[in-house]
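Chain and residue survey
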Amino acid sequence: MGRAEGAQLREYATATDHLWCRGCGHICEGCLNAPVAVADTLRYRMYHEQYGERELARRLYAELPSAARDLSGVDLGLAEAACPHG
């Protein structure tokens, strides 16, 4: 890979940095008032949106306990604010 390609990859990484979860769910999930699986949900979203693995993402999400998928009354702004990666 040449210098130009490396620069393009770094530019793409910077532009998409906010789209993926690093898996430190203990940080964001710990500040919520419900057992929402934030890290898993965001990972499955990445499978669906970025990788095109739609069926896999849907199956994995459906396998989460219903409480981990229930966003009723959950302030996800708290999780977003707690995320060290934005």
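The notes below deal with the structure included here.

About the thresholds
- Residues numbered from 1 in each chain as written.
- Predicted model: local features only at pLDDT ≥ 70, side-chain atom pairs only at ≥ 80, totals over all residues.
- Heavy atoms only, no water.
- 1 Å grid on protein atoms, 1.4 Å probe; cavity = no way out; pocket = protein on both sides within 12 Å on 5 of 7 lines; lining within 4 Å.
- Points joined across faces, edges and corners; volume = space filled by probe spheres on them.
- Helix = DSSP H or I, 4+ residues; strand = E, 2+ residues; numbered from the N terminus.
- Nonpolar A, V, L, I, M, F, W, Y, C, P; charged D, E, K, R; others polar.
- Axes fitted to C-alpha atoms, helices over the stretch in contact; angles between N-to-C directions.
- Parallel < 35°, antiparallel > 145°, perpendicular 65-115°, else oblique.
- Left-handed = near helix turned anticlockwise from the far one by under 90°.
- Contact = heavy atoms within 4.5 Å.
- Salt bridge = Lys/Arg side-chain N within 4 Å of Asp/Glu carboxyl O.
- Buried < 20%, exposed > 50% of the residue type's maximum accessible area, 1.4 Å probe, protein only.

1. Some words on the layout of surface pockets
Considering only enclosed or pocket space, the largest pocket measures out at about 580 Å³ in volume. Considering the residues around the largest pocket, the lining is formed by 25 residues, among which C21, V38, L42, A79 and E80 are closest to the centre. The set of elements that each furnish at least two residues to the lining of the largest pocket consists of α2 (25–29), α3 (38–49), α5 (66–69) and α6 (76–82). Among the elements that make up the lining of the largest pocket, the one with the highest residue count is α3 (four residues). For the lining of the largest pocket, the per-class residue count stands at 16 nonpolar, four polar and five charged.

2. Re the packing of α3 against helix α4 (residues 54–63)
Closest axis-to-axis distance for the α3/α4 pair is 7 Å, and the angle between their directions is 160 degrees. Considered as vectors, α3 and α4 are oriented roughly antiparallel to each other. Every pair of crossing elements has a handedness; the one defined by α3 and α4 is left-handed. Side by side, α3 and α4 meet where T41, Y44, Y47 and H48 of the first sit next to R54, L56, A57, R58, L60 and Y61 of the second. Grouping the amino acids of the contact of α3 with α4 by side-chain chemistry returns six nonpolar, two polar and two charged.

3. Side note on the pattern of salt bridges
If the charged atoms of two oppositely charged side chains come close together, the side chains can form a pair. As enumerated under the stated definition, the model contains three salt bridges in all. With a shortest N-O distance of 3.2 Å, E55 and R58 are connected by a salt bridge. Placement of both E55 and R58 in helix α4 is noted, with a separation of three residues, approximately one turn of the helix. Relative accessible area serves as the criterion here: at 46%, R58 is assigned to the partly exposed category. A salt bridge links R59 to E63; the nearest nitrogen and oxygen atoms lie 3.0 Å apart. Taken together, the positions of R59 and E63, both in helix α4 and four residues apart, correspond to about one turn of that helix.

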